[in-house]
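# Coordinates in review
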Number of protein chains: 2
Amino acid sequence: MSARMIKPIQTVTQRAPGLAKAKAKRTLKWQRDPEGMRLRILEAAKQEFSTHGLAGARVDRIAAKAGANKRMLYYHVGNKDELYLAVLEGAYDKIRSEERGLDLEHLDPPEAIRRLIEFTWSYFLRNPEFLSLLQTENLARAKHLKKSTKVKSMHSPFVEMIRTVVRRGVESGDFQVAVDPVQLYISIAALSFFYLSNSATLSVIFGRDLLAKDAKDERLAHMAGLVLAALTGRSAALFEIAKAPKSRTVVAQTV
Amino acid sequence: MSARMIKPIQTVTQRAPGLAKAKAKRTLKWQRDPEGMRLRILEAAKQEFSTHGLAGARVDRIAAKAGANKRMLYYHVGNKDELYLAVLEGAYDKIRSEERGLDLEHLDPPEAIRRLIEFTWSYFLRNPEFLSLLQTENLARAKHLKKSTKVKSMHSPFVEMIRTVVRRGVESGDFQVAVDPVQLYISIAALSFFYLSNSATLSVIFGRDLLAKDAKDERLAHMAGLVLAALTGRSAALFEIAKAPKSRTVVAQTV
DNA sequence: ACAGTATTTATCCAACGGGTTAATTTCTCC
DNA sequence: GGAGAAATTAACCCGTTGGATAAATACTGT
């Protein structure tokens, strides 16, 4: 998808009808494209791993989906586990990089938190494979992630970002408590993550489609209300907004 | 474990040394025990599925762990998927049954909510396989659960229980908002579930052991503070309680 | 234009894994 | 005490699967 499909020179069989096998010689059977190949493999692997889990993923299927020969996976990335780790690292890289662009520093603390919640929610919605990959990795007790050197480093800046927001909120009087940024982030992620990653079973259990448009809007409002109410101490006002039926537009409103 | 191990009459080879194969005839090779067998199979399957996921689980391993012949799984329960569903149903049955004993009706609304939070947290801590099973089922988009007739029914009473608590809380003035019970329950479950089910990756990422005793205490305090603060609107006071843990750096601090 | 290397394809295979078939053993009831 | 049913064991089947080996083809620099 991202990598332009160079290889498929399906024209191999496209031997002009009539001339038996004369000198149609200069029809390439395939083209080289290492980078593109690698990207296609990783993309295919991401899909496969996220839809089937680690053990359920099939190497052959990944190859097929990538339009590659199975051997290519081992040539360009490594065996199944290494492939999985590569995919996982890519996934973390992507979300953290987007988060970096949030620019929470320049926002009013409550607005910053709200923005973080909305971003997290929408990111998870837009990238369901990310959720699956994490679930799978946790099922494996993070055995792959532990081997990764890259991933460990890229999180402290993010935590500091949140810590600053909380500190500012407390100083300005917007927030009533100096909550631990890690706890706060985990909670924010949890509210979205669990709802989405477990939507299948929850929908069955509670007998309502949690992924319906209205349900999703409702959920976002609920989460924002919950967290902001806790931080600011103004439950009523904040939850009120959640109740607003259609006018989804109103996101925040100072009392 | 639960089923008394009847079968292992390993004495089969215990033929008294000396008498070739005379009439040591009356040494049983095995004993019948259908119910026990079934229980052992389900218990073994629960462990296997929760530690390896659906695709990663090995039927032979389950049989071995249950001290049974592989054939027994098919005889007493069914194929791999049916086995998985049986395990899942048992898991749901167990937690909902414990929840029924919570007796939230007779508690002060805030206390009831706190109790629900504490129960959920401790149940997840005590039954980590439950988390894995749910994760696995969600990875499979609840395809097994959808076939289950039993499970669907046993959840409405629980929702009603929460609904009542919320209503009482609003009427008494303890709670400032009449939050949707399903949303509330999902949030409460989410805060514990995500933290625990993703503790492996989160621990790596944030560089702290989230399962250490102190970390767990801190988490429980944080969750209770968050939810109750949001409902009652008294952030400061509630988060205060979180401060209790002696050593740990001050988690919450009134301004 | 060609030699050397990088990239890709074509096959193969041994172990595995879910499920089955058929024989054995235990138990129950008459 | 034995016949028929229930429970259990033993052995096998066969498609799948991760990975490997070897040959072919495309490029690159000289």
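Attention in this report is confined to the structure presented alongside it. It should be emphasised that the depicted structure is a prediction, and the values quoted were computed from it without experimental measurement.

### Quick word on the overall build of chain A
- For chain A, the helix and strand inventory stands at 12 helices and zero strands.
- For chain A, the N- to C-terminal ordering of α and β elements is α-α-α-α-α-α-α-α-α-α-α-α.
- Looking at chain A alone, contacts between residues at least 24 apart form 62% of all its contacts between residues at least 6 apart.
- For chain A, the exposed surface amounts to about 12500 Å²; the carbon and sulfur share of it is 54%.

### Things to note about helix H11 (residues 213-232) of chain A
Residue and element names in this part refer to chain A.
- Between its first and last C-alpha atoms H11 spans 28 Å; for 20 residues at 1.5 Å apiece the expected length is 28 Å, and the two agree.
- Counting buried positions over the 20 residues of H11 gives 14, a clear majority of the element.
- Just past H11, the residue Gly233 takes up positive phi, approximately 85°.

### What about the nonpolar core?
- Core analysis: the biggest nonpolar cluster contains 151 residues, and Phe49(A), Ile113(A), Phe49(B) and Ile113(B) have the highest contact counts within it.
- The residues touching Phe49(B), leaving out its near neighbours within four places in the chain, are Leu54(B), Ala57(B), Ile62(B), Lys80(B), Leu83(B), Tyr84(B), Val87(B), Leu133(B) and Thr136(B).

### Considerations on the packing of aromatic side chains
- Scanning the entire structure with this criterion turns up 20 aromatic pairs over all chains.
- When the ring of Phe193(A) is compared with that of Phe194(B), the centres are 4.8 Å apart and the planes differ by 50°; the resulting orientation is tilted. A residue pair is termed interchain when its members come from two chains, as with Phe193(A) in helix H9 (residues 181-197) and Phe194(B) in helix H9 (residues 181-197).
- With 6.0 Å between their ring centres and 85° between their planes, Tyr123(B) and Phe130(B) make a pair best called edge-to-face.
- Overall, Tyr123(B) belongs to the buried group, its relative accessible area being 2%.
- Counting every residue linked through ring pairs, the aromatic cluster contains Tyr92(A), Phe119(A), Tyr123(A), Phe124(A), Phe130(A), Phe193(A) and Phe194(B).
- The aromatic ring of Phe158(A) is capped on one face by Arg96(A), whose charged end is 5.3 Å from the ring centroid.

### Considerations on the relation of the copies chain B and chain A
- When chain B is brought onto chain A, the operation consists of a screw motion whose angular component is 180° and whose axial shift is 0.0 Å, with 0.1 Å RMSD remaining. Each copy turns onto its partner about a two-fold axis.

### Points about the protein's contact with DNA strand C
- Around DNA strand C, the surrounding shell holds 27 residues, and the nearest of these are Arg32(A), His76(A), Lys29(B), Arg32(B) and Lys70(B).
- Taking the atoms of DNA strand C that fall within 4 Å of the protein, sugar and phosphate contribute 62% of them.
- His76(A) has a polar side-chain atom sitting 2.6 Å from a phosphate oxygen of DNA strand C.
- Interatomic distance of 3.5 Å between a side-chain N/O atom of Arg71(B) and a base nitrogen of DNA strand C.
- Of all the secondary-structure elements, those providing two or more residues to the surface near DNA strand C are helix H1 (34-56) and helix H3 (70-76) of chain A together with helix H2 (59-65) and helix H3 (70-76) of chain B.
- Residue composition of the surface near DNA strand C, grouped by class: 10 nonpolar, five polar and 12 charged.

### Some thoughts on the protein's contact with DNA strand D
- Close contacts around DNA strand D come from 27 residues, with Lys29(A), Arg32(A), Arg58(A), Lys70(A) and Arg32(B) the closest.
- Taking all atoms of DNA strand D within 4 Å of the protein, the share assigned to sugar and phosphate is 59%.
- Within the backbone of Ala57(A), one N or O atom sits 3.0 Å away from a phosphate oxygen of DNA strand D.
- In this structure, Arg71(A) approaches DNA strand D through a side-chain N or O atom, which is 3.4 Å from a base nitrogen.
- Looking at the surface near DNA strand D, its residues break down into 10 nonpolar, five polar and 12 charged.

### So, the interface of chain B and chain A
- Opposite the 66 residues of chain B that make contact, chain A presents 63 residues.
- In this assembly, chain B packs against chain A so that about 5400 Å² is buried in total across both faces, 69% of it on carbon and sulfur atoms.
- Across the pair Arg208(A) and Asp180(B) runs a salt bridge whose closest N-O atoms are separated by 3.2 Å.
- Applying the counting criterion to the chain B and chain A interface returns 14 residue pairs in polar contact (both at pLDDT 80 or more).
- Among the secondary structure elements, those contributing two or more residues to the side of chain B that touches chain A are helix H1 (34-56), helix H4 (80-100), helix H6 (128-139), helix H7 (150-153), H9, helix H10 (199-206), helix H11 (213-232) and helix H12 (235-243) of chain B.
- With 13 residues, the top contributor of residues to the side of chain B that touches chain A is H9(B).
- The residue makeup of the side of chain B that touches chain A, split by class, is 36 nonpolar, 21 polar and nine charged.

### Describing the environment of Glu111(A)
Residues and elements named next belong to chain A.
- Here Glu111 shows up in helix H5 (residues 109-126).
- Glu111 sits in the partly exposed class, given a relative accessible area of 31%.
- For the pair Glu111 and Leu228, spaced 117 residues apart in the sequence, the C-alpha separation amounts to 9.4 Å.

### Digging into the pattern of salt bridges
All names here are of chain B.
- Following the criterion strictly, the structure yields 24 salt bridges over all chains and no others.
- Put simply, Glu43 and Lys46 hold a salt bridge, and the shortest N to O gap is 3.9 Å. A residue pair is termed a helical-turn pair when its members lie 3 or 4 positions apart in one helix, as Glu43 and Lys46 do in helix H1 at three residues.
- Where Arg61 meets Glu48, a salt bridge forms, and the shortest distance between an N and an O atom there is 2.7 Å.

### Some remarks on the environment of Glu35(A)
All names here are of chain A.
- As for its position among the elements, Glu35 is in helix H1.
- In this structure Glu35 comes out as exposed when scored by relative accessible area, which is 56%.
- On a C-alpha basis, the gap between Glu35 and His76 in space is 9.1 Å, while along the polypeptide they are 41 residues apart.

### As for the packing of H9(A) against H9(B)
- For the pair H9(A) and H9(B), interaxial distance at closest approach is 8 Å and the crossing angle is 120°. As judged from the angle between their axes, H9(A) and H9(B) are oblique. Our pair here, H9(A) against H9(B), has a crossing hand that is right-handed. Only Gln183(B), Ile186(B), Ser187(B), Ala189(B), Ala190(B), Leu191(B), Phe193(B), Phe194(B) and Tyr195(B) of H9(B) make contact with H9(A), whose side of the interface consists of Gln183(A), Ile186(A), Ser187(A), Ala189(A), Ala190(A), Leu191(A), Phe193(A), Phe194(A) and Tyr195(A).

### Let's talk about unusual backbone geometry
Residues and elements named next belong to chain A.
- Although it is not a glycine, Asp103 sits at a positive phi angle of roughly 60°.
- You can call Asp103 partly exposed: its relative accessible area is 34%.
- Of note, the phi angle at Arg141 is positive, near 50°, even though the residue is not glycine.
- Checked against the element boundaries, Arg141 lands in the loop between helix H6 (128-139) and helix H7 (150-153).

Procedures and definitions
Residues numbered from 1 in each chain as written. Chains lettered and ligands numbered in written order. Predicted model: local features only at pLDDT ≥ 70, side-chain atom pairs only at ≥ 80, totals over all residues. Heavy atoms only, no water. Helix = DSSP H or I, 4+ residues; strand = E, 2+ residues; numbered from the N terminus. Contact = heavy atoms within 4.5 Å. Areas by Shrake-Rupley, 256 points an atom, 1.4 Å probe, with all protein chains shown as cover. Expected span 1.5 Å × (residues − 1). Buried < 20%, exposed > 50% of the residue type's maximum accessible area, 1.4 Å probe, protein only. Core = buried A, V, L, I, M, F, W, Y, C linked by side-chain atoms within 4.5 Å. Phe/Tyr/Trp six-rings, centres within 6.5 Å; stacked < 30°, edge-to-face > 60°. Lys NZ or Arg CZ within 6 Å of the ring centre and 35° of its normal. Least-squares fit on C-alpha atoms with pLDDT ≥ 70 in both. Near = heavy atom within 4 Å. Polar contact = N/O pair within 3.5 Å; in protein donor to acceptor, adjacent residues only side chain to side chain. Nonpolar A, V, L, I, M, F, W, Y, C, P; charged D, E, K, R; others polar. Buried area = accessible area lost by both parts, 1.4 Å probe. Salt bridge = Lys/Arg side-chain N within 4 Å of Asp/Glu carboxyl O. Axes fitted to C-alpha atoms, helices over the stretch in contact; angles between N-to-C directions. Parallel < 35°, antiparallel > 145°, perpendicular 65-115°, else oblique. Left-handed = near helix turned anticlockwise from the far one by under 90°.

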